[in-house]
Amino acid sequence: MTPDVAEAQNQSGPEGARPGQQSCGGRAPILTTHALTKQFGSLRAVDGLDMEVCKGDIFGFLGPNGAGKTTVIRLVLGLIHPSSGYAEVCGHRVPGQLQGALRHVGGFVDDPTFYPLMSARRNLRMLGSMTGPVSEERIDEVLEIVALADRSEDRVGGFSHGMKQRLGIAQALLHSPELIVLDEPTSGLDPRGMKDVRELIRDLGAAGTTVFLSSHLLHEVEQVCTRAVILTKGRVVVQGPVSELRPQNDAIKVLTGDQGRAAGVLRGQFGAAGVVEDEGFLVVKADEEAVPEMVRRLVADGVEVRAVVPASEQGLEDFFLELTGTDAAGEPARGKKRAGLARLLPGGRR
Amino acid sequence: MSAAHGSTAGDMRGHRWGALRREWIKLLYQRRSYLIWGGAFVIPFLIALALYLAGSDPHGGEGPLFFERITANGMFVTLASLSALIPFLLPMAAAMVAGYMIAGEAELGTLRIVLLRPTRRGAFVLAKWTMAMVYLAVGFAVMIAGGLLFGGIFFGLHPMITLSGSTVGVWHGLGLILLSCLYALAAMSCIVSMALLFSTLTDSSLTALIATIVIYIVITVLIQFSYFDWLRPWVFPQYLLEFTNFFRDPIYWRPILKGLGVFALWSGVLTFAAYLVFRRKDVLS
């Protein structure tokens with residue numbers, strides 16, 4: 001399957017094709033944006049954005065600093081008004097039917113913030129009551145989920161950043177919304193906290209809740225998300241299943257007890273040009289399906305096989321750098337592999 | 001689950017009261033609220049104590065309004081406090097409370113989490129305005145209570161002699177004090193609305209406070225000059241002390257009603273402007 005490539009939309013004008021719009025297959029879209037644009041003075045922060053999140057997705061929202069991720073979230077949640085275009089959230093048009101949309105959405109933008117002199121419980125009671133009645137049992141439940149039950153009566157002003165992040169997730173969960181929007185929810189958490197939050201997001205997804213996860217941690221998106229969009233300069237560069245955003249490996253590294261003898265065996269199987277040496281490894285030009293036969297031959301020839309690993313370590317991060325053309329610090333990304341890009345973009349566009 | 005939170009008419013009514021209740025709770029969780037209320041209680045005490053220790057009016061009848069009457073009747077402590085506070089400290093308190101209402105939440109970062117809940121921005125502004133007024137009303141109530149308590153302790157509560165020379169009973173006098181405070185509260189609604197407007201224009205509560213006070217001072221100074229006589233009928237500071245007309249016999253209603261009309265105009269226009277600004281405000285804080 002080819003991921004939806006939204007670059008075309010930016011070249012076809014406001015009424016242009018929206019490749020992302022057919023991506024849900026049999027599932028209903030829960031969040032869509034339609035030529036969503038936000039202009040701040042001379043800066044076009046979001047530029048004709050068309051994006052689709054399907055029900056049940058754990059949707060990764062990726063982009064370098066300044067790509068417009070948080071602006072998009074603010075637009076979708078009605079915190080700021082679009083210069084043109086609109087979003088549809090749970091069947092409600094935003095900004096026109098914002099109140100209807102927000103009844104089905106939970107989440108936070110930037111760091112979640114609370115009333116510092118109130119307890120965690122009081123904050124949840126206060127925020128929860130804005131959507132509708134919320135029981136003390138439900139408050140207990142969400143505090144339990146985010147492992148803050150034992151701090152429920154403590155003032156939030158004394159909470160660490162990580163605890164506030166978790167409380168932010170708790171308030172997002174209060175009304176069991178259909179869609180949860182989380183803006184960098186693991187930011188500032190320790191590794192254990194990150195792991196817990198990711199597990200929680202996976203659990204939410206497994207329970208059928210759609211999660212929209214903005215993150216600059218590419219491996220987080222790889223680990224947690226089912227689909228993702230990559231945004232740069234306010235435009236969607238590519239969107240699709242995360243599994244297809246990661247380029248396939250086209251080479252295998254082999255380490256044996258006798259590299260010379262192994263090279264002979266492998267050259268017999270893959271040809272002389274198909275096997276090269278690289279930093280002590282033998283790099284074999286072959287896909288993963290060739291591995292069992294390769295190992296069988298080496299073992300049959302009496303070669304001790306110590307390691308067989310993918311030669312290409314290009315993951316979503318490399319792919320992301322290729323697409324956005326910058327690294328996290330805004331420096332141009334040079335000399336990156338383009339194999340995945342060629343496969344994913346229409347007509348091999350580079 | 002979210003469908004369970006559909007908006008029945010009962011829910012919506014509960015929601016409206018809920019908005020006011022939430023704003024009230026927020027005020028109760030701010031330390032400055034108690035400082036100002038504490039001040040409203042202490043000031044009548046200080047005035048009464050000072051006059052009690054002095055033994056008579058220290059200004060020989062030339063001091064602030066009603067001061068010369070306190071030593072004869074503790075009922076005047078509240079009115080003297082009101083006269084002393086209304087030119088500056090009350091506007092300052094009103095501007096501080098209302099200026100914080102939206103800009104303070106933006107500063108704290110809670111505005112963006114609150115607005116992710118299904119709250120209409122118009123209702124939000126109205127709830128903020130209402131609670132700022134309720135807050136001030138509590139301040140006035142505390143000041144009345146303090147005035148009567150300390151006035152009673154130091155000088156006793158007696159029938160009041162009005163500015164026209166007639167005498168009214170203690171309960172009648174108390175009613176006039178209440179009316180005076182309600183009038184002053186109406187005057188403060190102009191400051192509240194102005195501060196709320198600035199509060200929607202900035203993400204700094206201090207900026208909202210300063211902008212409001214600067215404009216209030218500029219207007220107050222301008223109307224001191226005869227060149228700006230034409231301006232006087234239209235600006236609210238001109239009418240702040242008209243509550244004294246409640247203490248004429250009969251009550252001199254004309255300036256009071258004129259003042260209330262001007263307060264309503266300023267307050268209405270400024271609050272509506274605050275709503276218009278906030279309705280389209282991009283929350284970037």
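Procedures and definitions
Residues numbered from 1 in each chain as written. Chains lettered and ligands numbered in written order. Predicted model: local features only at pLDDT ≥ 70, side-chain atom pairs only at ≥ 80, totals over all residues. Helix = DSSP H or I, 4+ residues; strand = E, 2+ residues; numbered from the N terminus. Contact = placed C-beta atoms within 7 Å. Pairing = 2+ DSSP bridges. Axes fitted to C-alpha atoms, helices over the stretch in contact; angles between N-to-C directions. Nonpolar A, V, L, I, M, F, W, Y, C, P; charged D, E, K, R; others polar. Domains from an automatic or database assignment. Buried ≥ 20, exposed ≤ 12 C-beta atoms within 10 Å, placed from the backbone. Core = buried A, V, L, I, M, F, W, Y, C linked by C-beta atoms within 7 Å. Parallel < 35°, antiparallel > 145°, perpendicular 65-115°, else oblique. Left-handed = near helix turned anticlockwise from the far one by under 90°. pLDDT = per-residue confidence, 0-100. Arc of directions from axis to C-beta.

Draft legend 1. Structural detail: the overall build of chain A. Assigned secondary structure in chain A consists of 13 helices and 14 strands. In chain A, once contacts between residues fewer than 6 apart in sequence are set aside, the share between residues at least 24 apart is 67%.

Draft legend 2. Structural detail: the overall build of chain B. Within chain B one finds ten helices and two strands. Its helices and strands in sequence order give chain B the pattern α-α-α-α-α-α-α-β-β-α-α-α, from N to C terminus. Expressed along its principal axes, the backbone C-alpha trace of chain B runs to roughly 65 × 45 × 30 Å.

Draft legend 3. Inspection of unusual backbone geometry at higher detail. Look at the link from Val94 of chain A to Pro95 of chain A: it is a cis peptide, with omega at 20°. Summarising the element assignment, Pro95 of chain A is placed in the loop between β5 (92-94) and α3 (98-102). The peptide bond linking Asp249 of chain B to Pro250 of chain B adopts the cis configuration, its omega dihedral lying at 0°. Relative to the helices and strands, Pro250 of chain B resides in the loop between α9 (205-222) and α10 (253-279).

Draft legend 4. Quick look at the sheet that holds β5 of chain A. Residues and elements named next belong to chain A. Taken together, the four strands give an open sheet; going across it, the order is β2-β1-β4-β5, and neighbouring strands pair in antiparallel fashion. Each edge of the open sheet carries a strand with a single partner, namely β2 (43-54) and β5. The sheet shows a mean angle of 20° between the axes of neighbouring strands, taken without regard to direction. Summarising the sheet, strand β1 (residues 29-40) and strand β4 (residues 84-89) pair through five bridges and their orientation is antiparallel. Within β4, the residue paired with Thr33 across the bridge is Ala87.

Draft legend 5. Expanded view of the interface of chain A and chain B. Counting from both sides, the interface comprises 29 residues of chain A and, opposite them, 25 residues of chain B. Listing elements by their share of the side of chain A that touches chain B, those giving two or more residues are α3, β6 (105-108) and α4 (120-128) of chain A. Grouping the constituent residues of the side of chain A that touches chain B by class yields 15 nonpolar, ten polar and four charged.

Draft legend 6. Quick look at the domain arrangement of chain A. As far as domains go, chain A holds domain 1 (7-244) and domain 2 (252-310). Using only C-alpha atoms to locate each centre, domain 1 of chain A and domain 2 of chain A end up separated by 46 Å.

Draft legend 7. Here's a closer look at the pairing of strand β7 (residues 179-183) of chain A. Residues and elements named next belong to chain A. Burial within β7 is extensive, with five of its five residues counted as buried. Pairing of β6 with β7 involves four bridges; the strand directions are parallel. Residue pairing in the sheet places Phe108 in a bridge with Leu182 of β7. Taken together, the five bridges between β7 and strand β8 (residues 210-214) define a ladder with parallel strand orientation. Note that in β8 the partner of Leu179 across the bridge is Thr210.

Draft legend 8. The arrangement of the sheet that holds strand β13 (residues 281-284) of chain A in detail. Residues and elements named next belong to chain A. Strand order in the open sheet formed by four strands is β12-β13-β11-β14, with antiparallel pairing between adjacent strands. With partners counted over all chains shown, the strands left at the sheet margins are β12 (275-278) and β14 (305-310), one partner each. Recorded for the sheet is a direction-independent mean angle of 30° between the axes of neighbouring strands. Note that strand β11 (residues 252-256) and β14 share five bridges and pair antiparallel. Its bridge partner being in β14, Leu255 is matched across the sheet by Ala307. Lying on the sheet, helix α10 (residues 259-270) is in contact with β11, β12 and β13; it crosses β13 at an angle near 5°. The strands touched by helix α11 (residues 291-300) are β11, β13 and β14; relative to β14, the strand with the most contacts, the crossing angle is about 160°.

Draft legend 9. Structural context of the nonpolar core. By size, the foremost hydrophobic cluster in this structure holds 159 residues, and its most contacted members are Ala94, Ala132 and Ala195 of chain B. If we ignore the near neighbours within four places in the chain, the residues touching Ala195 of chain B are Ala94, Ala95, Ala98, Gly99, Ala208, Leu209 and Thr212 of chain B. Among the nonpolar cores identified, the runner-up in size contains twelve residues, and Val254, Val265, Val284 and Ala286 of chain A belong to it.

Draft legend 10. Quick look at the environment of Gly55 of chain B. Checked against the element boundaries, Gly55 of chain B lands in the loop between α2 (31-54) and α3 (67-70). On a C-alpha basis, the gap between Gly55 of chain B and Ala127 of chain B in space is 46 Å, while along the polypeptide they are 72 residues apart.

Draft legend 11. Summary view of the pairing of strand β9 (residues 227-232) of chain A. Residue and element names in this part refer to chain A. Of all six residues that make up β9, five are buried, and the element is covered over most of its length. The pairing of strand β3 (residues 58-62) with β9 spans four bridges and is classified as parallel. Looking at β9, one finds that Gly60 is bridged to Ala228.

Draft legend 12. Representation of the packing of α2 of chain B against helix α4 (residues 76-85) of chain B in the model. Residue and element names in this part refer to chain B. One way to put it is that α2 packs onto α4 with a least axis distance of 9 Å and a crossing angle of 110°. Considering their axes alone, α2 and α4 lie roughly perpendicular with respect to each other. As for how α2 packs across α4, the hand of that crossing is right-handed. Between α2 and α4, the residues in contact are Ile43, Pro44, Ile47 and Ala48 and Val77, Thr78, Ala80, Ser81 and Leu85, respectively. Among the residues forming the contact of α2 with α4, the class breakdown is seven nonpolar, two polar and no charged.

Draft legend 13. Just the environment of Ala170 of chain A, in detail. Residue and element names in this part refer to chain A. Relative to the helices and strands, Ala170 resides in helix α6 (residues 161-173). Overall, the presence of 27 C-beta atoms within 10 Å leaves Ala170 in the buried class. Separated by 50 residues in the primary sequence, Ala170 and Ala120 place their C-alpha atoms 9.8 Å from one another. Setting aside residues up to four positions removed in sequence, Ala170 forms contacts with Leu124, Val142, Leu143, Ile145, Val146 and Leu148.

Draft legend 14. Structural detail: the confidence of the model for chain A. Put simply, chain A has an average pLDDT of 82, and 82% of its residues get 70 or more. Taken together, the stretch residues 1-22 of chain A has pLDDT below 50 and engages in 50 contacts with residues farther than four places along the chain or on a different chain.

Draft legend 15. Representation of helix α5 (residues 136-145) of chain A within the structure. All names here are of chain A. Of the positions making up α5, those classed as buried are Ile139, Val142 and Leu143. Taken down its axis, α5 places every buried residue within 100° of arc, on the same side. Turning to α5, the residues buried within the fold contact α4 and α6.

Draft legend 16. Highlighting the packing of helix α7 (residues 121-155) of chain B against helix α8 (residues 170-201) of chain B. Residue and element names in this part refer to chain B. It is at 9 Å that the axes of α7 and α8 come closest, and there the two elements cross at 145°. Of the two elements, α7 crosses α8, and the hand of that crossing is right-handed. When α7 is examined against α8, the residues Lys128, Trp129, Ala132, Met133, Leu136, Ala137, Phe140 and Ile144 are found in contact with a partner set consisting of Ile177, Cys181, Ala184, Leu185, Met188, Ser189, Val192, Ser193 and Leu196. Its residues placed into classes, the contact of α7 with α8 shows 14 nonpolar, two polar and one charged.

Draft legend 17. Main features of the confidence of the model for chain B. Residue and element names in this part refer to chain B. A residue-level look at chain B finds 91% of positions with pLDDT of 70 or above and a mean pLDDT of 89. Taken element by element, the predicted model of chain B shows its lowest mean pLDDT in helix α1 (residues 9-28) (76) and its highest in α10 (97). Long-range and interchain partners of residues 1-10, a stretch whose pLDDT sits below 50, account for 13 contacts in this model, where long-range means more than four residues apart. For this predicted complex, the interface confidence comes out at an ipTM of 0.83, alongside a pTM of 0.80.

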